[in-house]
Amino acid sequence: MSGLASGAALAAAVRAGERRALARLLTQVENGTPTAQAALAALYPFTGGAWIIGLTGPPGSGKSSLVNALARQLRQGAPERPAVSVAIVAVDPSSPFTGGAILGDRIRMRDLAGDPGVFIRSLASRGSLGGLARATADIVRVLDAAGYDVILIETVGAGQSEVEIARTAHTTIVIEAPGLGDDVQAIKAGLLEAADILVVNKADQPGADAALKALRAALNLAHPAARRWAAADAYAGAQPGPRAPAEPGAPPTGLWRTPLLATVAPEGKGLDELLAALDAHRAYLQASGELERRQREQLAHELTARLRDQLLAALLAQVGPEALAAALDQVAARVCDPGAAAWALAEQWRAARAPGAGGGAPSGEQSG
Ligand SMILES: Nc1nc2c(ncn2[C@@H]2O[C@H](COP(=O)(O)OP(=O)(O)OP(=O)(O)O)[C@@H](O)[C@H]2O)c(=O)[nH]1
Ligand SMILES: [Mg+2]
């Protein structure tokens, strides 16, 4: 079967709820095959229904434990929250044979395996972080089109990855834990900015209060949105914490104050508060128009990144491997420095494309 035909067939099977087809397609997506491309194109119109939640934080902070606890609660539902189906994607950008994602999976298998409303997939590092982020985005799309209501993405917080995950998720939970070493290191500004909800897990461990206090201070000082919120709260005499969902038809509130929560994941402590914060954030995203804005920004970022890759590949092909190899010889022999060599190659390419050079640029005068 051609990639196109098998892609369409896989997409149809995924839409029909066939788990094995879903697993097979996700492997194709990871490998970036033509079948995956065809299936993604067929599935794209069916995406947009899932709520995508990213969980990130340092190794061992309890991401997998929290993901499990959340998945269980979401499956169960509550009077004010109907039970939903859940897909879990564990991403580990740090190593190809990840301890974390795999261990987390094993814990999950014990707990959640056998529940047809749960689907678990782990994704290890392959190539660049950008490549991983794009593979994650595609995998999330497939799960979205497959009809999962909530998609939980777990990723080890390794600097840039939080930002990339925040670009994939609607709601990003940043998880910290006491006793992971350098507390100041943990309170990186980038981490706070990526957080829609901030959690100190392992609140049963020594140092939890200090971590909460430090994070509270960092949030109040470093988060400009929180500062504006704090001012608004003081004016309205409101309590700190997630704001109640806006009334239907109310003007967009525009600002979200990142709540800081404490949890003990294995005991389910703080889980109700976390779920309430998640609900509040979702309501905020919808009521404020932020959901649409975020999605557009995410798509713009992805479209540009993909276009950059395609254009770069096309341009490099035009420069040609021979010219590149010749330039490399010169650089290696120290005849020419890398900057000058790259400039010369670009100049050659430009000259070849100039009008009259027969290099493919449109030629001739416009009549009129
Ligand atoms: N005391 C205590 N232990 C916890 C808590 N949450 C998780 N743990 C334990 O901490 C260890 C790491 O938990 P994980 O959930 O695997 O952490 P993780 O962040 O997913 O780890 P990586 O995926 O390896 O980065 C496990 O042994 C958990 O049982 C907690 O709230 N309190
Ligand atoms: Mg884990």
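Since this is a predicted model, take the numbers as computed values, not measurements.

Definitions and limits used
- Residues numbered from 1 in each chain as written.
- Chains lettered and ligands numbered in written order.
- Predicted model: local features only at pLDDT ≥ 70, side-chain atom pairs only at ≥ 80, totals over all residues.
- Heavy atoms only, no water.
- Helix = DSSP H or I, 4+ residues; strand = E, 2+ residues; numbered from the N terminus.
- Buried < 20%, exposed > 50% of the residue type's maximum accessible area, 1.4 Å probe, protein only.
- Areas by Shrake-Rupley, 256 points an atom, 1.4 Å probe, with all protein chains shown as cover.
- Expected span 1.5 Å × (residues − 1).
- Polar contact = N/O pair within 3.5 Å; in protein donor to acceptor, adjacent residues only side chain to side chain.
- Phe/Tyr/Trp six-rings, centres within 6.5 Å; stacked < 30°, edge-to-face > 60°.
- Lys NZ or Arg CZ within 6 Å of the ring centre and 35° of its normal.
- Core = buried A, V, L, I, M, F, W, Y, C linked by side-chain atoms within 4.5 Å.
- Contact = heavy atoms within 4.5 Å.
- Near = heavy atom within 4 Å.
- Nonpolar A, V, L, I, M, F, W, Y, C, P; charged D, E, K, R; others polar.
- Pairing = 2+ DSSP bridges.
- Donors = N, O, S within 2.8 Å, 3.2 Å for Na, K, Ca; no water.
- Salt bridge = Lys/Arg side-chain N within 4 Å of Asp/Glu carboxyl O.

(A) The overall build of the protein chain, seen in detail. Scanning the protein chain from terminus to terminus reveals 15 helices and seven strands. The buried share among the 368 residues of the protein chain stands at 41%. Carbon and sulfur atoms make up 57% of the accessible area of the protein chain, which amounts to about 19200 Å² in all.

(B) Quick peek at helix α15 (residues 338-353). The first and last C-alpha atoms of α15 sit 23 Å apart over 16 residues, in line with the 22 Å expected at 1.5 Å per residue. Looking at where α15 begins, the residue whose side-chain oxygen comes 3.0 Å from the main-chain nitrogen of G339 is D337.

(C) Expanded view of the packing of aromatic side chains. Tallying each qualifying case throughout the model produces two aromatic pairs. Each ring, one from F119 and one from Y148, has its centre 6.2 Å from the other, and the planes form 45 degrees; the classification is tilted. Here F119, found in strand β3 (residues 118-124), pairs with Y148, found in the loop between α6 (129-145) and β4 (150-156); they are 29 residues apart in sequence, far enough to count as distant. For the residue pair F119 and Y148, the accessibility class agrees, reading buried in each case. Geometry around F46 places R15 over its ring, the cationic atom sitting 3.9 Å from the centre.

(D) Expanded view of the nonpolar core. Grouped together as the largest cluster of nonpolar side chains are 32 residues, with contacts concentrated most on L55, L70, L152, I173, I197 and L274. Sorting the residues of this core by element identifies β1 (51-57), α4 (63-76), β2 (86-92), β3, β4, β5 (171-176), β6 (197-200) and α12 (271-288) as the ones contributing at least two each. A total of eight residues in this core trace back to one element, the largest contributor, which is α12. Those residues in contact with L70 that sit more than four places away from it in its chain are L55, L152, I173, L271, L274, L275 and L278. Residues V14, V29, L40 and I153 belong to the second largest nonpolar core, which totals 30 residues.

(E) Just unusual backbone geometry, in detail. A positive phi is found at K202, a non-glycine position, where the angle reads about 60 degrees. Structurally, the position occupied by K202 is in the loop between β6 and α10 (208-222). We note that R334 has phi near 60 degrees; this positive angle belongs to a residue other than glycine. Residue position: R334 is located in the loop between α14 (321-332) and α15.

(F) Quick peek at the site of ligand 1. The environment of ligand 1 is formed by 18 residues, the closest being G62, K63, S64, S65 and D204. Between S64 and ligand 1, the recorded distance is 2.8 Å, taken from a backbone N or O atom to an oxygen atom. Elements supplying a minimum of two residues to the shell around ligand 1: α4 and β4. For the shell around ligand 1, the element with the most residues is α4, which contributes three residues. When the residues that make up the shell around ligand 1 are grouped by side-chain class, the tally is six nonpolar, eight polar and four charged.

(G) Main features of the pairing of β1. For β1, the buried fraction is high: seven of the seven residues fall into the buried class. Side chains of β1 alternate between two faces, with W51, I53, L55 and G57 and I52, G54 and T56 buried alike. When β1 meets β4, the two strands line up parallel, connected through seven bridges. The residue of β4 that forms the bridge with G54 is I153. Relative to β5, β1 runs parallel, the two sharing four bridges. Paired with L55 across the bridge in β5 is I173.

(H) Main features of the pairing of β4. Across the seven residues of β4, seven count as buried, placing the element largely inside the fold. Both faces of β4 are covered, namely the face carrying V150, L152, E154 and V156 and the face carrying I151, I153 and T155.

(I) How the structure looks around the coordination of the magnesium ion (ligand 2). Donor atoms from the polypeptide that bind the magnesium ion (ligand 2) are S64 (OG) and E154 (OE), placed at 2.1 Å. Taken together, the positions of S64 in helix α4 and E154 in strand β4 put the pair 90 residues apart, joining distant regions of the chain. As far as burial versus exposure is concerned, S64 and E154 are alike and both buried.

(J) Up close: the environment of V331. With respect to the secondary-structure elements, V331 resides in helix α14. C-alpha of V331 to C-alpha of A342: the two residues are eleven residues apart in sequence and 9.8 Å apart in space. Leaving out residues up to four positions away in the same chain, V331 has contacts with C336, D337, P338 and A341.

(K) Summary view of the environment of A208. Of note, A208 is situated in helix α10. A C-alpha to C-alpha distance of 8.4 Å links A208 and A262, two positions 54 residues apart in sequence. If sequence neighbours within four positions are ignored, A208 has contacts with P178, V200, K202 and A203.

(L) Region of the structure containing the pattern of salt bridges. Applying the stated criterion across every chain, the model contains 14 salt bridges. A salt bridge links R294 to D196, with the nearest nitrogen and oxygen atoms 3.0 Å apart. Pair noted here: R294 is in helix α13 (residues 290-319) and D196 is in the loop between α9 (189-194) and β6, with a separation of 98 residues, a long-range link. The burial state of R294 is the same as that of D196; both residues are buried.

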